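Descriptive analysis of the structure
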Amino acid sequence: MLVLTRKSGEQILIGDDIVITVLDSRGDGVRIGIDAPRGVKIQRHEVLRAVEEANVAASAAALPDAEDRIKALLAGRALPPEGDKPAS
């Protein structure tokens, strides 16, 4: 990881066509501006992580017995019909 110290108004260049500009620094926050080609994805890490976690949760909710079915497969047991819980 490259660590740089920049003052307000200073820039960082990434490749030939991405420019990061420090706009403001207050307390523990820094405002930055990013100038990049339209095709470059720019996402906040915490937002991307929240979307991924929501997708995993939605997938698990859609298949509530998936864990039991996988355990049964690994144990070599016959699978119960879809939607039924295996006998304990």
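Residues numbered from 1 in each chain as written. Predicted model: local features only at pLDDT ≥ 70, side-chain atom pairs only at ≥ 80, totals over all residues. Heavy atoms only, no water.

Named according to an unreviewed UniProt entry, the chain is Translational regulator CsrA originating from Arthrobacter jinronghuae. Turning to the chain, the UniProt record has this under Sequence similarities (unreviewed entry): "Belongs to the CsrA/RsmA family." Quoted verbatim from the Subunit (unreviewed entry) field of the UniProt record, the comment on the chain reads "Homodimer; the beta-strands of each monomer intercalate to form a hydrophobic core, while the alpha-helices form wings that extend away from the core." (UniProt positions renumbered as here; feature names shortened; annotations may be inferred.)

With that settled, the discussion passes to the overall build of the chain. A count of helices and strands for the chain gives two helices and three strands. Along the chain direction, N to C, the helices and strands of the chain fall in the order β-β-β-α-α. Looking at the 88 residues of the chain, the share that counts as buried comes to 11%. Summed over all atoms, the accessible surface of the chain reaches about 7700 Å², with 56% contributed by carbon and sulfur. (Helix = DSSP H or I, 4+ residues; strand = E, 2+ residues; numbered from the N terminus. Buried < 20%, exposed > 50% of the residue type's maximum accessible area, 1.4 Å probe, protein only. Areas by Shrake-Rupley, 256 points an atom, 1.4 Å probe, with all protein chains shown as cover.)

Turning to the pattern of salt bridges, a few remarks are in order. Side-chain pairing between opposite charges can occur once the charged atoms of the two side chains come close. For the structure shown, the criterion picks out four salt bridges. R6 is the salt-bridge partner of E10, the closest N and O atoms lying 3.6 Å from each other. E10 gets classed as partly exposed once you look at its relative accessible area, which sits at 28%. The class for R6 is partly exposed, based on a relative accessible area of 37%. Among the ionic pairs, R26 bridges to D24, the shortest N-O distance being 2.8 Å. Taking relative accessible area as the criterion, R26 reaches 60% and is therefore assigned exposed. (Salt bridge = Lys/Arg side-chain N within 4 Å of Asp/Glu carboxyl O.)

On to the sheet that holds strand β2 (residues 18-26). Strand order across the open sheet formed by three strands is β1-β2-β3, with antiparallel pairing between neighbours. The strands lining the two open edges of the sheet, one partner per strand, are β1 (11-14) and β3 (29-35). The sheet shows a mean angle of 25° between the axes of neighbouring strands, taken without regard to direction. Taken together, the seven bridges between β2 and β3 define a ladder with antiparallel strand orientation. Bridged to I20 within β3 is I34. (Pairing = 2+ DSSP bridges. Axes fitted to C-alpha atoms, helices over the stretch in contact; angles between N-to-C directions.)

In this structure, the largest pocket occupies an estimated 150 Å³ of space. For the largest pocket, the full set of lining residues is L2, V3, L4, R6, I12, I20, V22, S25, V30 and I32. Breaking the lining of the largest pocket down by element, the ones donating at least two residues are β2 and β3. Per element, the largest residue contribution to the lining of the largest pocket is three residues, and it comes from β2. Residue classes in the lining of the largest pocket are distributed as eight nonpolar, one polar and one charged. (1 Å grid on protein atoms, 1.4 Å probe; cavity = no way out; pocket = protein on both sides within 12 Å on 5 of 7 lines; lining within 4 Å. Points joined across faces, edges and corners; volume = space filled by probe spheres on them. Nonpolar A, V, L, I, M, F, W, Y, C, P; charged D, E, K, R; others polar.)

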